[in-house]
Amino acid sequence: MNSLTSNKYGFQQETVTLFGRVIGAGNYLVKAGFGTPKRDFNLIFDTGSEYTWLRCEVSKGYKPSASSTSTNATCISGPPCTFNVNYGDGSSASGYFIRDWLTLTPVDVFHNFTFGCGLQISPDDFGSADGILGVEQYSPLSFVSQTYTNFAKIFCYCLPKSDSSTGYLLFGLEALTTCQTETSTPLLSHPDRPYLYYVNLIGVTIGNHIM
């Protein structure tokens, strides 16, 4: 269910399949291609993650040496540029940053996309996922920042209702109308955690009872 269209603003619209799977570390995944020749990986879709990273240097993982388009990432401290992330569920990943081609569709390829090459991952299987697609809003290394010229940091998604069904991720200005509903609430920011997406919770009602 991958499709690509353009709109009157000149920005692209990308639809990517979002699917569910009981994997322990996360429940919603997307498929994305990395490297040349392209290899597809199943990544946890995470709105609270700064980095995109892949399991690297293992039998089924991403291997920089096998891609003709991979290059070292640059950073102030000089190579290697390392990362270390810890998640709320107790899982973690660490490794080094690299650049390579990210392919969402045959005509929508992002050259020099910076992502993490994960070497130390806990738990070891990370719930069978190949890594994380980080779509938080603040970091220059997040997916939405690195694809800004195409999608203007705009996306929406529809979650699959079961493991046997699929949903979708929609990127670009057309997402404003495609995912528009009769009711909405504005997203807010918090100065202590500007990378996260917030909404103002007024109350919770269960049946006729207001909690």
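Because the structure is predicted, anything quoted here is derived from the model rather than measured.

Notes on the overall build of the protein
And then number 1: Along the protein, the regular secondary structure elements total three helices and 14 strands.
And then number 2: Of all 211 residues assigned to the protein, the portion counted as buried reaches 45%.
And then number 3: Within the protein, counting contacts between residues at least 6 apart in sequence, those at least 24 apart form 56% of the total.
And then number 4: Of the accessible surface of the protein, which amounts to about 11,900 Å², a share of 53% is contributed by carbon and sulfur atoms.

Here we look at the state of the cysteines
And then number 1: Counted by the stated rule, this structure contains one disulfide.
And then number 2: What pairs with Cys 56 in a disulfide is Cys 117, and their sulfur atoms sit 2.1 Å apart. In this structure, the disulfide formed by Cys 56 and Cys 117 twists by about -125 degrees around the S-S bond and is classed as left-handed. Of this pair, Cys 56 sits in the loop between β5 (53–55) and β6 (71–72) while Cys 117 sits in strand β9 (residues 108–122); the two residues are 61 residues apart in sequence, bridging distant segments of the chain. Accessibility assignment for this pair places Cys 56 and Cys 117 in one class, buried.

Focus on the pattern of salt bridges
And then number 1: One pass over the structure, following the stated rule, counts one salt bridge.
And then number 2: One salt bridge connects Lys 38 with Asp 40, and the closest N-O pair in it is separated by 2.8 Å.

Remarks on the nonpolar core
And then number 1: Phe 34, Leu 43, Tyr 62, Leu 102 and Phe 143 are the most contacted members of the largest nonpolar core, which has 25 residues in total.
And then number 2: Each residue touching Leu 43, except ones within four places of it in the same chain, is listed here: Tyr 28, Leu 29, Val 30, Ala 32, Phe 34, Thr 52, Trp 53, Leu 54, Asp 130, Gly 131, Ile 132 and Leu 133.
And then number 3: Counting residues in each nonpolar core, the second largest holds 15 residues, with Leu 29, Ala 73, Phe 97 and Phe 126 among its members.

Considerations on the pairing of β9
And then number 1: As judged from the three bridges shared by β5 and β9, these two strands associate in the parallel manner. Bridge pairing in β9 links Trp 53 to Gly 116.
And then number 2: As paired strands, strand β8 (residues 92–105) and β9 are joined by twelve bridges and run antiparallel to one another. What sits directly across from Leu 102, in β9, is Phe 110.
And then number 3: Hairpin geometry of β8 and β9 is characterised by an intervening segment of two residues between the two adjacent antiparallel strands.

Focus on a nonpolar patch on the surface
And then number 1: A cluster of nonpolar side chains, Leu 201, Val 204, Ile 206 and Met 211, forms an exposed patch at the surface whose accessible area comes to about 440 Å².
And then number 2: Mapped onto the elements, Met 211 comes out in the segment after β14 (209–210).

Overview of the environment of Tyr 87
And then number 1: Among the secondary structure elements, Tyr 87 is positioned in the loop between β7 (82–86) and β8.
And then number 2: Between the alpha carbons of Tyr 87 and Ser 49 there is a distance of 8.7 Å; along the sequence they are 38 residues apart.
And then number 3: If sequence neighbours within four positions are ignored, Tyr 87 has contacts with Asp 46, Ser 49, Trp 53, Ser 92, Phe 126 and Ile 132.

A few points about the environment of Ser 49
And then number 1: Mapped onto the fold, Ser 49 is located in the loop between β4 (39–46) and β5.
And then number 2: Taking the C-alpha atoms as reference, Ser 49 lies 9.1 Å from Gln 137; in sequence the two are 88 residues apart.
And then number 3: Each residue touching Ser 49, except ones within four places of it in the same chain, is listed here: Tyr 87, Ile 132, Gly 134, Val 135 and Glu 136.
And then number 4: Here Asp 46 takes part through its side chain, which lies 2.6 Å from a polar atom of the side chain of Ser 49.

Description of the pairing of β4
And then number 1: Note that strand β3 (residues 28–34) and β4 share six bridges and pair antiparallel. Paired with Val 30 across the bridge in β4 is Leu 43.
And then number 2: As paired strands, β4 and strand β10 (residues 131–134) are joined by four bridges and run parallel to one another. Bridging across to β10, Ile 44 finds its partner in Ile 132.

How each quantity is defined
Residues numbered from 1 in each chain as written. Predicted model: local features only at pLDDT ≥ 70, side-chain atom pairs only at ≥ 80, totals over all residues. Heavy atoms only, no water. Helix = DSSP H or I, 4+ residues; strand = E, 2+ residues; numbered from the N terminus. Buried < 20%, exposed > 50% of the residue type's maximum accessible area, 1.4 Å probe, protein only. Contact = heavy atoms within 4.5 Å. Areas by Shrake-Rupley, 256 points an atom, 1.4 Å probe, with all protein chains shown as cover. Disulfide = S-S within 2.5 Å. Salt bridge = Lys/Arg side-chain N within 4 Å of Asp/Glu carboxyl O. Core = buried A, V, L, I, M, F, W, Y, C linked by side-chain atoms within 4.5 Å. Pairing = 2+ DSSP bridges. Patch = residues over 30% accessible without salt bridge, like charges linked within 9 Å, V, L, I, M, F, W, Y side chains within 5 Å. Polar contact = N/O pair within 3.5 Å; in protein donor to acceptor, adjacent residues only side chain to side chain.

Coordinates in, geometry out; function isn't part of it.
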